[in-house]
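Structural overview for review
As a plain string of letters, each chain reads:
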Amino acid sequence: MNIANTTALTDSKMHTAPSSARCDAYGKTLLGEIGPLQARLIANAAELDAAQRLRFRVFGEEMGASFSQGSAATDRDEDRFDAVCDHLIVLDTTLPGDAPDQIVGTYRLLRDEVATRTGGFYSAGEFEIGTLVARHEEKKFLELGRSCVMSAYRSKRTIELLWQGIWAYCLRHDIDVMTGCASFPGATAQSHALALSFLYHHARAEGQWAIEAASSDSVSMDMMPVEAVDMKAALAATPPLIKGYLRLGAKFAGTAVIDRAFRTTDVMVILPVSTISERYMRYYGADAGRFAPGDKTSS
C-alpha cells in the first residue's frame, strides 16, 4: 500500500546514490535480514530505477494511478523527491540476476534536514507538515512514503523486514518522529466512513500533535458519531498498513485528503518514537537487533 502519493510527477532522474548508502556485506550496508530477504538502502541509479519500476507496476498497473506522460512512457513512478530521499529496499537474494532484479519492496525516506535543504516535505502538498515540524523544532522528523511491495511478497516477514529497516534507519539518524500519508483505496472518502470515523474518534492527533489539511480537496473524518462506530468492523475495513501504524501507537489527522491522480483517500500519520508500543519495541529491539544482518530467522 502506498503511504505517500503525489500529483506532481515529473521526469526528474537521480544519477548518483544517496550519500547515506555505504558499502558493506553484499556490497552495501544491510539494515536487516530474514532468511533470503535482505533490507538496505539503494546504492546506485540502477537500483533506484528498479524501485521506480516496481512502484509503477503496483501504483499504476495494479491500483490505476494516473501518471504524467513522461512517467507512463518510461514505465517508472518518479518525482523530484526521488533524487533527495533515501530509498529502503527489500531484496530476495534467491531471485536470478543482480540486485535490481531482486527488489521486491521499497519505502522512501526523507529526513527533515534534507527536506529543509531541498524544498520541503513531499506531504506538504496535502497537510500542514511544516507547521507541525516548527511546533517541535527540537525533534528530528522522518517522512515515510511510497511504500510498495510486489504482490507475491505481501507477507508478514516482508513487512517485518521493511519495519526492521525503518527502525534501524531511525536509530542511525536519531529520529524522534515518523510521519507520512497513508492511503485508503479509492477517491471517495465516504466509502470509508466507518474506518475514517474510527480513526477520528479513537486515534486522532490532538494538542501539540494536531495537524490540518493543506489541500482544498479535503474532508472531515468525523463522518459517524462515536456510538455508531463498531470498532471490530472498522478495523476490518482498515488497510493493513494503517492497522500496522495503529498497533505501533500512531495518531492521525482529523481530516483526509483526496488524491485524484492516485485514486486514493489519504490520511496523515504522526508517530513519535517515544510513543511506540512497548510490545513492538521489545519485538524489534531497542537496538533493532531482532532481524539484524546475519540473523537466520526464516519466518
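Before any of the text, the structure's been laid out above.
A quick note: this is a predicted structure, and the numbers were derived from the prediction, not measured.

Conventions adopted
- Residues numbered from 1 in each chain as written.
- Predicted model: local features only at pLDDT ≥ 70, side-chain atom pairs only at ≥ 80, totals over all residues.
- Heavy atoms only, no water.
- Salt bridge = Lys/Arg side-chain N within 4 Å of Asp/Glu carboxyl O.
- Buried < 20%, exposed > 50% of the residue type's maximum accessible area, 1.4 Å probe, protein only.
- 1 Å grid on protein atoms, 1.4 Å probe; cavity = no way out; pocket = protein on both sides within 12 Å on 5 of 7 lines; lining within 4 Å.
- Points joined across faces, edges and corners; volume = space filled by probe spheres on them.
- Helix = DSSP H or I, 4+ residues; strand = E, 2+ residues; numbered from the N terminus.
- Nonpolar A, V, L, I, M, F, W, Y, C, P; charged D, E, K, R; others polar.
- Phe/Tyr/Trp six-rings, centres within 6.5 Å; stacked < 30°, edge-to-face > 60°.

Right, let's get into the pattern of salt bridges. Any two side chains of opposite charge can pair if their charged atoms end up close together. Evaluated as defined, the whole model comprises 16 salt bridges. The partner of R111 in a salt bridge is E113, with the nearest N and O atoms 2.9 Å apart. Residue E206 pairs with R204 through a salt bridge whose shortest N-O separation is 3.0 Å. A relative accessible area of 25% means that R204 is categorised as partly exposed. Three or more residues joined by partner-sharing salt bridges are found here, namely R55, D77, D79, D82, R108 and R146.

By volume, the largest pocket amounts to about 700 Å³. Every residue lining the largest pocket is counted, 25 residues in all, and those nearest its centre are I159, W163, P240, G244 and R247. Sort the elements by how many residues they give to the lining of the largest pocket and helix α8 (residues 240-248) lands first, with 6 residues. Class assignment for the residues of the lining of the largest pocket results in 14 nonpolar, 4 polar and 7 charged.

Taken as a whole and assessed by the stated rule, the structure comprises 7 aromatic pairs. Pairing W163 with Y245 gives two aromatic rings, centres 5.4 Å apart and planes at 85 degrees, and the pair type is edge-to-face. Of this pair, W163 sits in helix α5 (residues 156-172) while Y245 is found in helix α8, placing the two residues 82 residues apart along the sequence. By the burial criterion, W163 is buried, and Y245 matches it. Ring centres 6.1 Å apart and planes at 70 degrees place the aromatic pair Y283 and F291 in the edge-to-face group.

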